[in-house]
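The lines below spell out each chain.
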Amino acid sequence: MSSSAPWLESVSPTALSILSATAKAGPIDTAPARAGAVFERDDQVVLEITGRDRSRFLHAMLSNDVAAMERAGPGHGIRAALNSLKGRLVADLHLYLVDAEKKTGSMLAVMDREAAEGFVAMLDRYVIAEKVYFEPTELAVLAVVGDGAAAALTEAGADLPAEGAHTHVAATIGGVRVRIARQDLGTGADFAVLVATGDRDAVCSALGLPTPPPEVFEALRIEAALPRPGGDVTGLHIVLEGGLKDRSVSFTKGCYIGQEVICRIDSMGTPARLLVQLDGGADVPDPGTELFVDGRAVGYVTSAAHSVRRGGPVLLGYVKKKKNDVGATVHVGAADGPEATIAAHV
């Protein structure tokens, strides 16, 4: 059995479809998107979380510091993970504090659409007497990226969130009420816009930016070595392997589901495998293509694109410990396949 078979079984169908399409798309030039673009994130879903115990409950469940977000107040957010008892990823999410009032306040959670059902089902099992409720919304997610993103938003009449990771603000774009959040989506100057589904086209029109296909969005994040939850990181992985340690985990907040496993592995040093970014190879490999060192499979590709910016294939994939140092080489697809060089740990 291929070493990538368990991953191929764990990846969400939507993610695998877009990952495969990106690998087959041919050369992708991300330069126009880096100047400014809007992407429709149909793969994302927004949940509203209410109830007087929401903050305390989520703080005990999630890997990041919900209490610190609550103390910071509305307009702040965090990225966090819900993990299984074995420390494996259930859902990676952006959590935004909208209203801090204890009884009537709310938060918004943005995550991969196909992770939402498992997220709610797992948390519902832990609700005993707590007042906490998870409800779907009619909000769509737009990614506004590139050097022209901020200017496009302000010229369309929107206020920008305060500086800082995951800050957000209620705003108006073209007369439509939205919520704008700062996110790292691949260019370093990016925003997520939450808007009523029926108003999405009006907001895109008001921004006046090009709307490239989703393969360009994927190429941007692969070039930036950003993992895709549900694709690069699935229920097969712990957050330490998949590039989420510094993005989604607090090591000072106290207990949460899966903490014992995650902290034990972290204290031992490097996990058994790491998600890495690689440059090289002759052709763009399909997701699940194996990687070899000294004739043995040591990992597999999860994301790949032909990057005009980088001059050839750029890959994300898992490589085993002791074989995943930056600068090390692997063979793609076969023991004597084309070489690719590990450029960075994700």
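Just so you know, these numbers come straight off a predicted model, no measurement behind them.

Caption draft 1: How the structure looks around the overall build of the protein chain. When helices and strands are tallied, the protein chain shows 11 helices and 17 strands. In summary, the protein chain has a C-alpha radius of gyration of 20 Å against a globular reference of 20 Å for 346 residues, a match within 12%. With the C-alpha coordinates of the protein chain rotated into their principal frame, the extents come out at 60 × 45 × 30 Å. Relative to its 346 residues, the protein chain shows a buried fraction of 55%. Within the protein chain, counting contacts between residues at least 6 apart in sequence, those at least 24 apart form 68% of the total. Accessible area of the protein chain: about 14,300 Å², with a carbon and sulfur share of 51%. Taken as two groups, the 33 positive and 43 negative side-chain charges of the protein chain have centres that lie 7 Å from each other.

Caption draft 2: Representation of the sheet that holds strand β2 (residues 37-40). One open sheet accounts for five strands, arranged β2-β8-β11-β10-β9; its pairing is antiparallel. This sheet does not close on itself; its edge strands, each paired only once, are β2 and β9 (168-173). Shown here is a sheet whose adjacent strand axes are inclined to one another by a mean of 30 degrees, direction ignored. Here strand β10 (residues 176-183) pairs with strand β11 (residues 190-196) via six bridges, running antiparallel. Paired with Arg-179 across the strands is Leu-194, a residue of β11.

Caption draft 3: Representation of the pattern of salt bridges in the model. Overall, the coordinates contain 16 salt bridges when judged by the stated rule. Between Asp-53 and Arg-56 there is a salt bridge, with its nearest N and O atoms 3.3 Å apart. Classification of Asp-53 as buried rests on a relative accessible area of 10%. Of the charged contacts, one joins Asp-232 and Arg-221 as a salt bridge, the two residues approaching to 2.8 Å between their closest N and O atoms. Of this pair, Asp-232 sits in the loop between α9 (214-223) and α10 (245-248) while Arg-221 sits in helix α9, and the two are 11 residues apart along the sequence. Exposure class is identical for Asp-232 and Arg-221. Each is buried.

Caption draft 4: Local environment of the pairing of strand β16 (residues 329-332). Every second residue of β16 is oriented toward a common face, the buried set being Val-330 and Val-332 and the non-buried set Thr-329 and His-331. Here strand β13 (residues 290-293) pairs with β16 via two bridges, running antiparallel. In the strand pairing of β16, Leu-291 is matched with Val-332. In this structure, β16 lies alongside strand β17 (residues 339-345), joined through three bridges in antiparallel fashion. In the sheet register, Thr-329 faces β17, and the bridge partner there is Thr-341.

Caption draft 5: Spatial organisation of the environment of Ala-225. Relative to the assigned elements, Ala-225 resides in the loop between α9 and α10. In this structure Ala-225 comes out as buried when scored by relative accessible area, which is 11%. A sequence separation of 91 residues divides Ala-225 from Leu-316, and the C-alpha atoms of the two residues are 7.2 Å apart. If we skip the residues at most four places from it in the chain, Ala-225 touches Arg-247, Gln-277, Leu-316 and Val-346.

Caption draft 6: Just helix α2 (residues 13-23), in detail. Burial in α2 covers these residues: Ala-15, Ile-18, Leu-19, Thr-22 and Ala-23. For α2, the angular spread of buried residues about the axis comes to 140 degrees, placing them on one side.

Caption draft 7: Region of interest: the packing of aromatic side chains. Taken as a whole, this structure holds four aromatic pairs when the rule is applied. Relative to Phe-217, the ring of Phe-39 lies with its centre 5.3 Å away and its plane at 65 degrees, an arrangement referred to as edge-to-face. Here Phe-39, found in strand β2, pairs with Phe-217, found in helix α9; they are 178 residues apart in sequence, far enough to count as distant. The class of Phe-39 is buried, set by a relative accessible area of 2%. Ring-pair connections join several aromatic residues into one group, and the members of that group are Trp-7, Tyr-300 and Tyr-318.

Caption draft 8: Inspection of the nonpolar core at higher detail. Counting residues in each nonpolar core, the largest one holds 34 residues, and the members touching the most others are Ala-33, Phe-39, Leu-89, Ala-143, Val-145 and Val-239. Going through the elements one at a time, α2, β2, β8 (139-145), α9, β14 (296-307) and β15 (312-320) are the ones with two or more residues in this core. Per element, the largest residue contribution to this core is five residues, and it comes from α9. Sequence-distant contacts of Val-239, that is, excluding residues within four places in its chain, are made with Ala-81, Asn-83, Gly-87, Leu-89, Leu-244, Lys-245, Val-249 and Ile-262. Among the nonpolar cores identified, the runner-up in size contains 28 residues, and Met-69, Ile-78, Met-122 and Phe-134 belong to it.

Caption draft 9: Region of the structure containing the sheet that holds strand β5 (residues 89-99). If you trace the five strands from one edge of the open sheet to the other, you get β4-β5-β6-β3-β7, paired in antiparallel fashion. Each having just a single partner strand, β4 (77-83) and β7 (133-136) make up the two edges of the open sheet. Taking the axes of each pair of neighbouring strands and ignoring which way they run, one obtains an average angle of 30 degrees across the sheet. Both β4 and β5 contribute to a ladder of seven bridges, which runs antiparallel. In the strand pairing of β5, Leu-82 is matched with Ala-91. In the packing of helix α6 (residues 113-126) onto the sheet, the strands contacted are β3 (44-50), β4, β5, β6 (106-112) and β7, and the crossing angle to β6 comes to about 130 degrees.

About the criteria used
Residues numbered from 1 in each chain as written. Predicted model: local features only at pLDDT ≥ 70, side-chain atom pairs only at ≥ 80, totals over all residues. Heavy atoms only, no water. Helix = DSSP H or I, 4+ residues; strand = E, 2+ residues; numbered from the N terminus. Rg over C-alpha atoms; globule rule 2.2 N^0.38 Å. Buried < 20%, exposed > 50% of the residue type's maximum accessible area, 1.4 Å probe, protein only. Contact = heavy atoms within 4.5 Å. Areas by Shrake-Rupley, 256 points an atom, 1.4 Å probe, with all protein chains shown as cover. Lys, Arg positive; Asp, Glu negative; His and termini not counted. Charge placed at Lys NZ, Arg CZ, Asp CG, Glu CD. Pairing = 2+ DSSP bridges. Axes fitted to C-alpha atoms, helices over the stretch in contact; angles between N-to-C directions. Salt bridge = Lys/Arg side-chain N within 4 Å of Asp/Glu carboxyl O. Arc of directions from axis to C-beta. Phe/Tyr/Trp six-rings, centres within 6.5 Å; stacked < 30°, edge-to-face > 60°. Core = buried A, V, L, I, M, F, W, Y, C linked by side-chain atoms within 4.5 Å.

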